[in-house]
Amino acid sequence: MEEKELLKISASPHIRSKNSTTGIMADVLIALLPASAVGVYNFGFRACLMILICVVSCMVFEFLSELVMKRPNTVRDLSAAVTGLLIALNLPVSLPFWMAILGCAFAIIVVKQLFGGIGQNFMNPALAARCFLVMSFVGPMTKFTLDAVTTATPLAQLREGGVASIHLWDMFIGTEAGTIGETSAAALLVGAAYLLIRRVIRLTIPLYYIFTFSVALVIYAWTQDMNISAMGRFVAAHLCGGGLMLGAFFMATDYTTSPITHEGKALFGILLGILTFCFRIFGSSTEGVSYAIIIGNLLVPMIEMITRPKSFGEGYEEKPISDNRGWLKPVHLDEEGNVIPDTKDRKTVRVARIVVSICFVALLAGGLLGLVYAVTKKPIEETEEKKKQESYHAVMSEATDFTESDSVDNYNKALEKQGVEGVTLNTRVEAKAGDKVIGSIWVVTSHEGYAGDIRMAVGIQDGKVTGVEMLKIGETTGLGMEARDNPAFTAQYVDKNAEQFVVVKTEPEGESEIQAITGATITSKAVTKAVNAALAAERMPEGAAEEDTEAAPQEAVTEEDSVPESAMSDPEGGVTDE
């Protein structure tokens, strides 16, 4: 008589549940339908096509990769479909389809399948794909359109225009620029409620995430002297924008890449809130949710190590015995009755070992970095000098030789007397063609850039700008970085008879008007102010700062209310602030 297999033996713990992977993934797909519907309504048929392409691509890549790796087919569990939908909802609607397909391939093949398939990936595949695409295709991934008009996201507008420029209701219902699925906080909350009711996710991670982020925002707003009303709008705008709800409820709660224990989930949520706050407020990006969750995913093993509960039966018998002074204190005994060193002592030793190990690693790393610096210092200096000479030649191509002046302090003092602030002249360079001085090149740093200092070389010949070359710039990718990446912007300054340039948001009508970069008014003004400073310095005689001049202040740019009425007459200018 043949023996039949009656028992299936597996490692403990044994948990019985009616839930299945397919059922859970189907619930996630249903929960994402409201946000997807709003995205299609907001951005049109192309959003629907983007969602379809991403979902199908992920399922195809999963099928093919498992076929090649000779693994069981898991397409039917719908995990690939969820990844595809999340990727689509994290993309701008104008992104070329082939880039979206490439992101899907990276998510499924590299992040998921190469690490063992579902349940084995070390970070959220959809967010990994988004970060991969942002690093690979900065411009298309940061170009947001609404009603066929390129515009900045509400968080980008918040940074420049302040709280008053934000329309909270539009952000809540989703009629604002952004990625396909992040714009409607209301739709995302409806989906989140469905997942909570179905018990697919727990509230722990989103609650701690959003609460920590909100507290950090309130503290920051308080340091900025905001009143209660402005503080409320500031916090609400950050909560509704930048994909926070999408990340908190749909990606931070991913089973595979989030902690298991309640304490671990709480710590994970707190970490995400702090990271998102730092990225949004102090970083160059206005969002930060994706990178916060990715970094949090990488730290999950450490979080679980810290919050791991004791195994059943772990520990030792504690019996109080008297020490030399007659005091009773608990000691630990092994099975044979021998005293085990006090737990606190062992913890102290363990902490000391960790501290020593960290110090050793730090010293080793510092020594290696110092060695690398010593070896590469000279080549780096040579490369920087070569790059600087190339930038000089780019702004004044007729010159054959460049001689830097010793000091420009007098010029900076003169500009200060004229009321120019936020700009520093770094170097004045004499440009020569043979033995003849044909012009000057000014290295200028503007301290009023959107993400920090902007350093540039400005060539001036016969009172006209011959070229503007960016030497150091870290503005928002796809917006302010156009000052460096789009030659058409800097070409506006060249060969113009202008005493002083002004920034306008419409088509320039005179030689003194510079059209702002779409969505990057702050950057445009900062660059223009630096160019004006260089022109003003070029017109000064040396030592002008020592003269008691009463020259009129050289304002770099005008405010919007001082722009000529004709320049602001077109209501369809379509330019938004960075």
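See the structure printed just above.
From a predicted model like this one, the values you see are computed outputs, not experimental measurements.

**Student:** So what exactly am I meant to see when it comes to the sheet that holds strand 6 (residues 401–404) here?
**Tutor:** Adjacent strands of a sheet pair through backbone hydrogen bonds, lying either parallel or antiparallel. Here we have five strands laid out as an open sheet, ordered 6-7-8-9-10, and antiparallel in their pairing. On the outer flanks of this sheet lie strand 6 and strand 10 (464–472), each paired with one strand and no other. Neighbour-to-neighbour, the strand axes of this sheet turn through a mean angle of 25 degrees, independent of strand direction. Here strand 7 (residues 423–433) runs beside strand 8 (residues 436–446); their pairing, made up of 10 bridges, is antiparallel. Counterpart to Val-429 in the pairing with strand 8 is Ile-441.

**Student:** Would you mind showing me how to read unusual backbone geometry here?
**Tutor:** With the exception of glycine, the majority of residues adopt a negative phi angle, and the majority of peptide bonds are in the trans configuration. We note that Leu-78 has phi near 70 degrees; this positive angle belongs to a residue other than glycine. One can find Leu-78 in the loop between helix 2 (45–68) and helix 3 (79–89). If you check the backbone angles, Asp-462 has positive phi at about 55 degrees while not being a glycine. As for its position among the elements, Asp-462 is in the loop between strand 9 (454–461) and strand 10. For Asp-462, a relative accessible area of 74% translates into the label exposed.

**Student:** Looking at this model, I keep getting lost on the nonpolar core. Mind explaining?
**Tutor:** Ile-87, Leu-91 and Phe-250 are the most contacted members of the largest nonpolar core, which totals 86 residues. Counting 37 residues, the second largest nonpolar core, distinct from the first, contains Leu-425, Val-444, Ile-460 and Phe-501.

**Student:** Would you mind going over the pattern of salt bridges with me for this structure?
**Tutor:** Opposite charge on two side chains permits them to pair, given that their charged atoms come into close proximity. Following the criterion strictly, the structure yields seven salt bridges and no others. When the shortest N-O distance is used, the salt bridge between Arg-428 and Glu-430 registers 4.0 Å. Note that Lys-529 and Glu-448 form a salt bridge whose closest N and O atoms lie 3.1 Å from each other. Within this pair, whereas Lys-529 is found in helix 19 (residues 521–538), its partner Glu-448 is found in the loop between strand 8 and strand 9, the two being separated by 81 residues in sequence. Among the residues examined, Lys-529 registers a relative accessible area of 12% and is labelled buried.

**Student:** Looking at this model, I keep getting lost on a nonpolar patch on the surface. Mind explaining?
**Tutor:** Taken together, the side chains of Val-110, Leu-114, Phe-115, Phe-122, Met-135, Leu-267, Tyr-291, Ile-295, Leu-298, Leu-299, Met-302 and Ile-306 make up a nonpolar region of the molecular surface, amounting to roughly 1100 Å² of accessible area. Within the fold, Tyr-291 resides in helix 14 (residues 289–307). Overall, the relative accessible area of 32% leaves Tyr-291 in the partly exposed class.

**Student:** Help me understand empty space enclosed by the protein in this model?
**Tutor:** Vacant regions in the atomic arrangement are exposed by a probe of water-molecule size rolled over the atoms. If you walk through the whole model with that rule in mind, you get three cavities of 30 Å³ or more. Roughly 90 Å³ of internal volume is contained in the largest cavity. Along the wall of the largest cavity there are 13 residues; nearest its centre are Pro-154, Ala-177, Glu-182, Gly-241 and Gly-242. Considering only enclosed or pocket space, the second largest cavity measures out at about 70 Å³ in volume. Lining the second largest cavity we find Asn-90, Leu-127, Arg-130, Glu-182, Gly-242, Gly-243, Gly-247, Met-251, Glu-287, Val-289, Ser-290 and Ile-293. Looking at the lining of the second largest cavity, the elements that each hand over two or more residues are helix 5 (125–136), helix 12 (244–251) and helix 14.

How each quantity is defined
- Residues numbered from 1 in each chain as written.
- Predicted model: local features only at pLDDT ≥ 70, side-chain atom pairs only at ≥ 80, totals over all residues.
- Heavy atoms only, no water.
- Pairing = 2+ DSSP bridges.
- Helix = DSSP H or I, 4+ residues; strand = E, 2+ residues; numbered from the N terminus.
- Axes fitted to C-alpha atoms, helices over the stretch in contact; angles between N-to-C directions.
- Buried < 20%, exposed > 50% of the residue type's maximum accessible area, 1.4 Å probe, protein only.
- Core = buried A, V, L, I, M, F, W, Y, C linked by side-chain atoms within 4.5 Å.
- Salt bridge = Lys/Arg side-chain N within 4 Å of Asp/Glu carboxyl O.
- Patch = residues over 30% accessible without salt bridge, like charges linked within 9 Å, V, L, I, M, F, W, Y side chains within 5 Å.
- Areas by Shrake-Rupley, 256 points an atom, 1.4 Å probe, with all protein chains shown as cover.
- 1 Å grid on protein atoms, 1.4 Å probe; cavity = no way out; pocket = protein on both sides within 12 Å on 5 of 7 lines; lining within 4 Å.
- Points joined across faces, edges and corners; volume = space filled by probe spheres on them.

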